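# Reading the structure
In case you want the letters, here they are:
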Amino acid sequence: MKLALFTASLIACALAFAANNAPQELRFSLTGEPKSFDALHISDQRSEVIRYLTGGVLLRINRVTDQLEPQLAESWKITEGGRVIAFHLRPGLKFSDGSPLTAPDVARTFNTALDPKQASPAGDTFRAADQPEAKATSPLDLTIRYHDPKPGIDRLFDTLSIVPPSPAKLPASAGPFFVSEYKPGEFVRLTRNSNFWKRGQPYLSSIRIDIQPNREIELTRFLRGETQLISKVEPESFDRIAKEMPAAARNLGASLDSEFLWFNQMPSAPIPDFRKKWFTSAVFRHAISASIHRDDLARIVFRGHAHPAAGPFSPSNKFWFNAALKPLPFDSQAALRGLATEGFVLRDGVLHDRDGHAVEFSLITNAGNRPREAMAAVIQDDLRKIGIQVNIVTLDFGSLMERITKTSQYEACLLGYANVEVDPMEQMNVWLSSGEQHPWWPLQKSPATPWEARIDKLELQQASDPVRAVRRKAFDEVQRIAVEQEPIIYLVNPDYLAAVSPSLRGIQPVTAPPQILWNIESLRLE
């Protein structure tokens, strides 16, 4: 009897050991093919997901604490007022193929990323008026020097993956995983890097990323337990998951993304002068903003999974968001009172300007984007209540972008920012009056208004000061001015919705990309 119990106990222990040490493969989907596995030439979001999971970086921003943590670099130091950064690497680093990783590899990666001949997107955030250069001073030490201070330079290294010297179709990596198999149209498989510097990690043995453009099939497979993760879910699908698998539904709150509209203020735009006069009036823009019921947009369009926006940045961007800003309340009567001060009159249900023109404009947005088409309909209905006729025009995305960036043949546009970066440095091209992406009037030779000139000055300040707190103070004022003038009318911040199987452990979801997978080496399946 005792022998039988002892044998049964041994078998149970052996089974438990086997279960705990069995290969663990995480499965999820991308909606399309990654365009590149070359970490220095990533230009699409799908490839960026793979770069993050495979890339070895010097430093990593902890997405929960927002603090920098050492990775391939054991230590680092910024000197000369933000002009110089020096790194000391961990000893014994290797790429996934077993080849050594030393300071010359880091210097080569950095210099290649900034080489104009390479046109590397990875180098964009490191560029400056001068050409910085990395130099290895020993196998474990390197120094990078700029002519002028480079704000937040240490945090930029979260995005620069160190690459091996020899390019390959499926390159080696220094991160927790490497690309081991790729079948176009089917899947990408990532395999655990046994040479990863964190000994014992990652816990997962592999990751299979299916190429699945059909979101309904992706949802069905998740609900059947065939995959363990959907990193971003539409509101309707999220509600279904919450009903059928409540433990898997994860609402992370307001995302970093935003939905907004703006009016075309280009002097050369083919728009009647009387309408240009409306669009350049802050009073008119405020009235439009106050007449849009943002709570209805959140409730009707996003099924309650959105929050009224308070300004250029979402409240979930805790460091950079100006906490003094609040969403503009719905108040159509206050809007009409404001319009009256500029000679607008509501007569027989139609709003007229001081010259007798009925207030009417067209609003373009991208066809096939159901939330935006629904938002446009709600906005149209809201503005009709104060006598404004809005004519909705849906365009394929290419035609819409041509009108915005080339022909300027539009009056107002409804769009949004997705996959927003945390640091406002990434929106310099939006806020500088000379910026190519300055929506309401791009590429100004000089600021058209005093408040735009003030924003230019603040933007250049926050882009040049090495002290993060000083940069935040400058950007707080940018946000305040943006709300006071409303050249862009911010509407809602959609919630970040995800689906995560209860079997996937170790997750610490955040709204900053990559929301669920940022600590991939710590995730495991049970």
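### A look at the overall build of the chain
The helix and strand inventory of the chain stands at 15 helices and 22 strands. Rg of the C-alpha trace for the chain: 26 Å, near the compact-globule value of 24 Å for 526 residues, within the 12% margin. Structurally, the chain occupies a C-alpha span of about 95 × 65 × 40 Å along its principal axes. Within the chain, residue pairs in contact and separated by at least 24 positions form 66% of the contacts whose partners lie at least 6 positions apart. Looking at the chain as shown, the accessible area adds up to about 23800 Å², and 54% of this sits on carbon and sulfur atoms. Distance between charge centroids for the chain: 4 Å, based on 60 positive and 61 negative side chains.

### A word on the environment of Val49
As for its placement among the helices and strands, Val49 is situated in helix H2 (residues 45–54). For the pair Val49 and Pro34, spaced 15 residues apart in sequence, the C-alpha separation works out to 8.9 Å. Sequence-distant contacts of Val49, that is, excluding residues within four places in its chain, are made with Phe28 and Leu30.

### Topic: the confidence of the model for the chain
Here the chain averages 93 in pLDDT, and 96% of its residues register 70 or above. Contacts of residues 1–20 to residues separated by more than four positions or lying in other chains number 0 contacts, the stretch itself having pLDDT below 50.

### What about the pattern of salt bridges?
Overall, the coordinates contain 32 salt bridges when judged by the stated rule. A salt bridge links Arg189 to Glu25, with the shortest nitrogen-to-oxygen separation between them at 2.9 Å. One end of the pair, Arg189, is in strand E9 (residues 187–192); the other, Glu25, is in strand E1 (residues 25–30), with 164 residues separating them in the sequence. The partner of Arg524 in a salt bridge is Glu526, with the nearest N and O atoms 3.2 Å apart. Through salt bridges with shared partners, a single network forms among Arg27, Arg208, Asp210, Arg221, Arg224 and Glu226.

### Considerations on the packing of aromatic side chains
All chains considered together, the criterion is met by 23 aromatic pairs. Aromatic side chains Phe110 and Phe157 sit 6.2 Å apart centroid to centroid with 20 degrees between the ring planes, which places their arrangement in the stacked category. Highlighted residues: Phe110 in helix H3 (residues 103–114) and Phe157 in the loop between helix H4 (153–156) and strand E8 (177–183), separated in sequence by 47 residues. Neither residue differs from the other here; Phe110 and Phe157 are each classed as buried. Consider the rings of Phe279 and Phe284, whose centres lie 6.3 Å apart with planes at 50 degrees: the pair is tilted. Its relative accessible area of 0% is what places Phe279 among the buried residues. Taking relative accessible area as the criterion, Phe284 reaches 0% and is therefore assigned buried. Aromatic ring contacts, followed pair by pair, group Phe263, Phe274, Trp278, Phe279, Phe284, Phe344 and Phe361 into a single cluster.

### So, the side chain of Gln201
Within the secondary structure, Gln201 is located in the loop between E9 and strand E10 (206–211). Once you skip the residues sitting within four places of it in the chain, Gln201 turns out to touch Arg192, Asn193, Phe196, Glu521 and Ser522.

### So, the packing of helix H9 (residues 294–301) against helix H11 (residues 370–384)
Axis separation between H9 and H11 bottoms out at 10 Å; the angle between their running directions is 140 degrees. One finds that H9 runs oblique with respect to H11. Between H9 and H11 the crossing geometry is right-handed. From H9, Asp296, Leu297 and Val301 reach across to H11, where they touch Pro371, Ala374, Met375 and Val378. Residue classes in the contact of H9 with H11 are distributed as 6 nonpolar, no polar and 1 charged.

### Some points on the environment of Leu400
Counting through the fold element by element, Leu400 comes out in helix H12 (residues 397–407). Contacts of Leu400, omitting those with residues within four sequence positions, involve Ile364, Thr365, Asn366, Leu395, Cys413 and Leu415.

### Side note on the sheet that holds strand E6 (residues 133–138)
Reading across the sheet, the 4 strands line up as E4-E5-E7-E6 and stay open at both edges, with antiparallel pairing between neighbours. Two strands lie at the open edges of the sheet, namely strand E4 (73–79) and E6, each paired on one side alone. Here the strands of the sheet are splayed against their neighbours by 20 degrees on average, with no regard to which way each runs. When E4 meets strand E5 (residues 84–89), the two strands line up antiparallel, connected through 6 bridges. Counterpart to Ile78 in the pairing with E5 is Ile85. Strand contacts of H3: E5, E6 and strand E7 (141–145), with the helix running at about 175 degrees to E6, the strand carrying the most contacts.

### Here's the deal with the pairing of strand E13 (residues 258–263)
Within E13, 6 of the 6 residues are buried, which leaves it mostly tucked inside the rest of the structure. By the alternation rule, side chains of E13 split into Ser258, Phe260 and Trp262 and Glu259, Leu261 and Phe263, which are all buried. Note that E13 and strand E19 (residues 412–417) share 6 bridges and pair antiparallel. In the strand pairing of E19, Leu261 is matched with Leu414. As paired strands, E13 and strand E20 (residues 488–500) are joined by 4 bridges and run antiparallel to one another.

### Let's talk about the packing of helix H8 (residues 282–290) against helix H15 (residues 468–485)
Interaxial distance between H8 and H15 falls to 8 Å at its minimum, and their mutual angle equals 85 degrees. If you check the angle between H8 and H15, you find them roughly perpendicular. Residue-level inspection shows Ala282, Arg285 and His286 of H8 in contact with H15, the latter providing Val483, Glu484 and Gln485. Looking at the contact of H8 with H15 residue by residue, the class counts come to 2 nonpolar, 2 polar and 2 charged.

Rules used in this analysis
Each chain has its residues counted from 1, following the order in which its sequence is written. Residue-level local features of this predicted model are given only where pLDDT is at least 70; pairs of side-chain atoms are given and counted only at 80 or more, and the full residue set underlies all totals for whole chains, interfaces and linings. No hydrogens and no water enter the side-chain calculation; it runs on all heavy atoms of the structure. Per the convention used, a helix needs a DSSP run of H or I reaching at least four residues, while a strand needs a run of E reaching at least two, with both numbered from the N terminus. Radius of gyration here uses only the C-alpha atoms, and the compact-globule reference equals 2.2 Å multiplied by the residue count raised to the power 0.38. Pairs of residues are marked as contacts when any of their non-hydrogen atoms sit within 4.5 Å. To measure how exposed things are, a 1.4 Å probe is used in the Shrake-Rupley method; for residues, cover is taken only from the protein chains shown. For the charge count, each Lys or Arg is scored as positive and each Asp or Glu as negative, with His and the chain ends excluded. Positions of charges follow a simple convention, taking NZ of Lys, CZ of Arg, CG of Asp or CD of Glu. pLDDT expresses how confident the predictor is about each individual residue, on a scale running from 0 to 100. When a carboxyl oxygen of Asp or Glu lies within 4 Å of a side-chain nitrogen of Lys or Arg, that pair is called a salt bridge. Pairing of aromatic side chains here covers Phe, Tyr and the six-membered ring of Trp, requires ring centres within 6.5 Å, and sorts the geometry by plane angle: under 30 degrees stacked, over 60 edge-to-face, intermediate tilted. Here the term buried applies to any residue with accessible area under 20% of the maximum for its type, exposed to any over 50%, and partly exposed to those in between, with areas from a 1.4 Å probe on protein chains only. Whenever a helix is involved, its axis is fitted only over the stretch in contact; in every case the axis is a line through C-alpha atoms, and angles between N-to-C directions fall within 0 to 180 degrees. Comment on the angle field: the value is read as roughly parallel under 35 degrees, roughly antiparallel over 145, roughly perpendicular from 65 to 115, and oblique elsewhere. Definitions for this section: a left-handed crossing has its near helix turned counterclockwise from the far helix by less than a right angle. A right-handed crossing has that turn clockwise. Nonpolar residues are Ala, Val, Leu, Ile, Met, Phe, Trp, Tyr, Cys and Pro. Charged residues are Asp, Glu, Lys and Arg, and all others, Gly as well, are polar. Only when DSSP finds a minimum of two bridges between them are two strands counted as paired.

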